[in-house]
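For reference, the chains in residue letters:
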Amino acid sequence: MAFFGVGASADSTSPSRAAAPLPPHPSSPIPVQGRPLGGGVRVPFGETGCSVFPLILGGAEFGWNVDLDSSHDILDTYTDLGGNVVHTADSYSAGRSEHIIGQWMHSRGVRDDIVLMVRIGGHPDNPGLGPVNLVRAVEAALTRLRTDRIDVLTLDATTDSATALEDTLATAEWLVESGKVRALGAAGYTAAQLVEARILASAGFPRITVLDVPFNVLRRHDFDADLRLVAGAQSMAVTPSHALEHGFLSGRHRTRQRTMLSARGAQLAANINRRGSRTLRALDAVGTELGVPDAAVAVAWLLAQRLVTAPIVNAYAPTQVEELVQGVGVRLGRSHLADIARASE
């Protein structure tokens, strides 16, 4: 609906006479100039040498449930709020996620401002972590991302149980020395494998400094005691994936209606039970008290856990990014944490 100021003449919309711009209303918001407020919120990213915003924007939905323009809007909103870490994988939408992120970084000229995390191992053209496929996968990812380097290369062990860890790290050493990769991360590795990797690092191989583990209030036990012990002892930056449990912890999905029609629907339906309902009610109560949405409470719960550096979150729209970022500024008290833990048992 068009809006016309008081006193606008009948011919003010005539092509020959452009309407004079209206002065801003006295109560209009004052535009924010310069660096975003969240730009000053940074934490050390383990031993990578990077300082990061404590919330990582994931690109799992880009090119799948979110088109290019909407993906760019989401990325713009995230960086406008102070975010500086983007996570993707060569398996996300068969590489389309990387294409979208690469085009965004190129068009905005922000590559040097972004800490880029890429998980490797799941692309059908170069599967696994064997020496040849690992190099080819990284080269292909760099091409799709329109960049010359990956800041954190995450080795996805769930895609390859055959390649010896020493062979993978030897290849990673070449990638680091060539400048194509700055630091290494791990996903799907056991505590014993991470100990082995640190022993190999003492012999000159690159160290694994970031750990991606599925972890949220409903999956507390996936981050087992041995893995926690090793991550803490090795000063790893822990980046929990599935921070919202496929969107369930946002509180938007509470019934089974129309949830079983897709793979994502089946994932959501798995939590629509008594335990899931109790957990959402606990998030509701804390969110109402603190004046933030459930998604922000779920992020704040993760950030309150020892060892967690920055959760990885995915979004379908800019408004969801705004909700999630609120969690960075929320500090949960002991009573809040106890209530959420009790509800999720």
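Residues numbered from 1 in each chain as written. Predicted model: local features only at pLDDT ≥ 70, side-chain atom pairs only at ≥ 80, totals over all residues. Heavy atoms only, no water.

Engineer: Where do I start with the packing of helix 1 (residues 68-80) against helix 10 (residues 318-326) in this structure?
Structural biologist: Helix-helix packing: each pair is described by the crossing angle between the helix axes and the interaxial distance. At a minimum axis separation of 8 Å, helix 1 and helix 10 run at an interaxial angle of 30°. Judged by the inter-axis angle, helix 1 sits roughly parallel to helix 10. The handedness of the crossing between helix 1 and helix 10 comes out as right-handed. On helix 10, the residues touching D73, I74, T77 and Y78 of helix 1 are P318, V321 and E322. Looking at side-chain class alone, the contact of helix 1 with helix 10 contains four nonpolar, one polar and two charged residues. (Axes fitted to C-alpha atoms, helices over the stretch in contact; angles between N-to-C directions. Helix = DSSP H or I, 4+ residues; strand = E, 2+ residues; numbered from the N terminus. Parallel < 35°, antiparallel > 145°, perpendicular 65-115°, else oblique. Left-handed = near helix turned anticlockwise from the far one by under 90°. Contact = heavy atoms within 4.5 Å. Nonpolar A, V, L, I, M, F, W, Y, C, P; charged D, E, K, R; others polar.)

Engineer: Is there a simple way to think about the nonpolar core in this case?
Structural biologist: Across soluble globular proteins, nonpolar side chains have a tendency to be buried as a group. Judged by nonpolar contacts, the single largest core of 98 residues is most densely connected at F45, L153, L194, F223 and I340. Of the residues forming this core, the biggest block, eight residues, is contributed by helix 9 (residues 294-303). (Core = buried A, V, L, I, M, F, W, Y, C linked by side-chain atoms within 4.5 Å. Buried < 20%, exposed > 50% of the residue type's maximum accessible area, 1.4 Å probe, protein only.)

Engineer: I would appreciate a short explanation of the packing of helix 8 (residues 274-290) against helix 9 in the present structure.
Structural biologist: At a minimum axis distance of 9 Å, the contact between helix 8 and helix 9 shows a crossing angle of 95°. Between helix 8 and helix 9, the interaxial angle falls into the category roughly perpendicular. Counted together, L280, L283, D284, V286 and G287 of helix 8 and D294, V297 and A298 of helix 9 form the full contact between these two elements. Of the residues assigned to the contact of helix 8 with helix 9, the class counts are five nonpolar, one polar and two charged.

Engineer: Sorry, what's going on with the side chain of Q320 here?
Structural biologist: Mapped onto the fold, Q320 is located in helix 10. Once you skip the residues sitting within four places of it in the chain, Q320 turns out to touch R252 and A315.

Engineer: I keep staring at the sheet that holds strand 5 (residues 115-120) and nothing clicks. Help me out?
Structural biologist: Pairing between sheet strands relies on hydrogen bonds along the backbone, with the strands arranged either parallel or antiparallel. Spatially, eight strands are ordered 9-8-7-6-5-4-3-10 in an open sheet, and the strand pairing comes out parallel. If you trace the sheet from one side to the other, it starts and ends with strand 9 (237-238) and strand 10 (312-313), each paired once. Here strand 6 (residues 150-156) runs beside strand 7 (residues 181-187); their pairing, made up of six bridges, is parallel. From the neighbouring strand, T154 faces strand 7, where its bridge partner is G185. Strands strand 3 (56-58) and strand 4 (85-89) of the sheet are contacted by helix 1, whose axis makes an angle of about 180° with strand 3. (Pairing = 2+ DSSP bridges.)

Engineer: Sorry, what's going on with the pairing of strand 8 (residues 208-212) here?
Structural biologist: Looking along a regular strand, one sees side chains alternate from face to face of the sheet. Counting buried residues in strand 8 gives five out of five residues, a clear majority hidden from the surface. Bridge analysis of strand 7 against strand 8 gives four bridges, and the strand direction is parallel. Residue pairing across strands places G185 opposite V210, the latter belonging to strand 8. One crossover worth recording links strand 7 to the parallel strand 8 by way of helix 5 (residues 191-201), and it is right-handed. (Right-handed = clockwise from strand over helix to strand, strands pointing away.)

Engineer: Please clarify how helix 1 should be interpreted in this entry.
Structural biologist: Each full turn of the α-helix corresponds to 3.6 residues, which orients residues three or four apart in the same direction. The end-to-end C-alpha distance of helix 1, which contains 13 residues, comes to 18 Å, matching closely the 18 Å that a straight helix rising 1.5 Å per residue would cover. Buried within helix 1 are the following residues: S71, H72, I74, L75, D76, T77 and Y78. Just downstream of helix 1 lies G82, where phi reads positive at about 110°. (Expected span 1.5 Å × (residues − 1).)

Engineer: Before we go on, may I ask you to explain the packing of aromatic side chains in this structure?
Structural biologist: Each aromatic ring pair is summarised here by two numbers: the centre-to-centre distance and the angle between the ring planes. Applying the stated criterion across every chain yields a total of three aromatic pairs. Ring geometry for F215 and F223: centres 5.4 Å apart, planes at 65°, overall edge-to-face. For F215, a relative accessible area of 0% puts it in the buried group. What makes F223 buried here is its relative accessible area of 1%. Seen from their ring centres, F215 and W301 are 5.7 Å apart, and the 55° between their planes marks the pair as tilted. Of this pair, F215 sits in the loop between strand 8 and helix 6 (225-233) while W301 sits in helix 9, placing them 86 residues apart in sequence. Taken together, the ring pairs connect F215, F223 and W301 into an aromatic cluster. (Phe/Tyr/Trp six-rings, centres within 6.5 Å; stacked < 30°, edge-to-face > 60°.)

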